[in-house]
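# Examining the three-dimensional arrangement
Take a look at the letters that make up each chain.
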Amino acid sequence: MQLLTGVVLSPVAAAVAPMTAEAKVPLLLDIAAAGAAIPRLSPYVVRISFTLWQQAYPIGKWASEQGWKTGYTAVSDFIPGHDSEAAFTKAFTDAGGKIIGAVRFPPTNPDFAPFVQRIKDAKPDVVFIFVPAGTQATAMMKAIKDLGLREAGINVTAPQDLLPDEELPRMGDTPVGLITSGTYSADAKRPANEAFLASWKREYGDKSIPDFFSVDAWDGMAAIYGLVKETKGNFTADQAVAFLSHWKDPNSPRGPIMIDPETRDIVQNVYIRRVEKQGEVLANVEIATIPMVKDPWKELNPLK
C-alpha cells in the first residue's frame, strides 16, 4: 500500500493517524476529518480539507462585529463540535462578547427541540450551532423554525455544516438570510468552480448538487494526480509526504489553496456566506472573503 486517502469523521482519523506512523503509510485527509490536532498525531498525515477552527474562529469575530454582546454555543458532542465551540468562544470573547450558555447534544439521532428551547429561554443575541452536515442539519433547521428561534430575536450563525448546499432544497425558507462561514459554496462564480460544476452535472445529472465534501475530494484527487505524475507512480512514503506538504493550486473550485509545509495543513480562503433565494432555489452566496486562512488553533498553540 502506497497511500491512504479519505476519512470523514475526526474520531476515525484520530484513531488511524498513529498507525500511519507505525506503518509509514501517508494519509491524505481529503473529505473532512476536521479536528485541528490530527496532523500532529503522525508525520505521515497531510490535510487538504479544512478545520472547524478555520471557520468558527472567523465567524466568532464576525458575530462580535455585528454588535452582538451575548452568545450561546450549541454543538454536537464530538471532536468537530468541541473545536467549533472553542474557536467561536475564543474569538467572540476576545472581542468583548460574553458566552451566557453552552450545550452539547448527542452526535447520533438527537432530538433538537429541547436544546433549541433552552437557547430560546436564555435569550442570547446570537447562537452558534455546529451539527454534522446532512440530515441533522435539516432537523436542526426544522427545530429552529418550529420553536420560532429567529422570530424571538435570536441571531443564528454557524460553520458551513449547518447549511450544506445539497440540503438547502429540503429546508424550506427558514435559512433565508442566515450567515455562515465556509470554504466552499456551489454558488461561487469562480471559473474553476463553473468548470467543476459542469463536470459534476455531466456525471451525476442537472439536479445533483455538490457540497464541500465533493470539492475536498476533487482537490484531493488533483493532489494525488500531481504526485503520481511527478513520480511516475514510484514514490516512498517520505517522498509522498514531501510532495503533498508543499502542494498548492491557485485555481481550485474553492479558490486558491496550499498546504503549509510546517503543519501539513490546508491554507485557504474562508467565505462569509448569506443564504439568498434565487427564484425558487436557495443558495449560499459569498458576501465577504477572508483570504488564505491558516488553522488558527495551530497559530495559537505552536509546537514547543
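Use the structure listed above.
The present account deals with the structure reproduced in this document. As the structure is a computational prediction, the values presented were derived from the model and not from experiment. (Residues numbered from 1 in each chain as written. Predicted model: local features only at pLDDT ≥ 70, side-chain atom pairs only at ≥ 80, totals over all residues. Heavy atoms only, no water.)

## What to know about the packing of aromatic side chains
Selection rule: The criterion for an aromatic pair is that two Phe, Tyr or Trp rings (for Trp, the six-membered ring) have centres within 6.5 Å, with stacked assigned to planes under 30 degrees apart, edge-to-face to planes over 60 apart and tilted to the rest. Runs of H or I in DSSP of at least four residues are treated as helices and runs of E of at least two as strands, each being numbered from the N terminus. Throughout, exposure labels follow a simple rule: accessible area from a 1.4 Å probe, protein chains only, divided by the maximum for the residue type, with under 20% read as buried, over 50% as exposed, and the rest as partly exposed.
Applying the stated criterion to the full structure yields 13 aromatic pairs. Ring centres of F50 and F212 lie 5.6 Å apart, and the angle between their planes is 80°; this geometry places the pair in the edge-to-face category. Residue F50 is located in the loop between strand 3 (45-47) and helix 2 (52-65), and its partner F212 is located in helix 7 (residues 212-231); the two are separated by 162 residues in the primary sequence. The two residues F50 and F212 agree in class, both being buried. Relative to F196, the ring of Y184 lies with its centre 6.3 Å away and its plane at 80°, an arrangement referred to as edge-to-face. Taken as a pair, Y184 in the loop between strand 8 (179-182) and helix 6 (191-204) and F196 in helix 6 lie far apart in primary sequence, twelve residues in all. Each member of the pair, Y184 together with F196, is buried. An aromatic cluster is built from Y184, F196, W200, Y204 and W218, whose rings are joined through pairwise contacts.

## Focus: the packing of helix 7 against helix 8 (residues 237-244)
Going by this rule: An axis is simply a line fitted to the C-alpha atoms; with a helix, the fit covers only the stretch in contact. Between two such axes, the angle follows the N-to-C directions and lies from 0 to 180 degrees. Any angle that falls under 35 degrees is termed roughly parallel, while one over 145 is termed roughly antiparallel, one within 65 to 115 roughly perpendicular, and all others oblique. By the definition used in this description, the sense in which the near helix is turned from the far one sets the handedness, with an anticlockwise turn below a right angle giving left-handed and a clockwise turn giving right-handed. Contact criterion: two residues are considered in contact whenever any of their non-hydrogen atoms come within 4.5 Å of each other. All amino acids are sorted into three groups, where Ala, Val, Leu, Ile, Met, Phe, Trp, Tyr, Cys and Pro are nonpolar, Asp, Glu, Lys and Arg are charged, and the leftover types, Gly among them, are polar.
At their nearest, the axes of helix 7 and helix 8 sit 10 Å apart, and the two run at 125° to each other. Between helix 7 and helix 8, the angle is such that the two are oblique. The chirality of how helix 7 crosses helix 8 is right-handed. Facing helix 7, whose interface residues are A223, G226, L227 and E230, helix 8 presents A240, F243 and L244. Here the contact of helix 7 with helix 8 is composed, by residue class, of five nonpolar, one polar and one charged.

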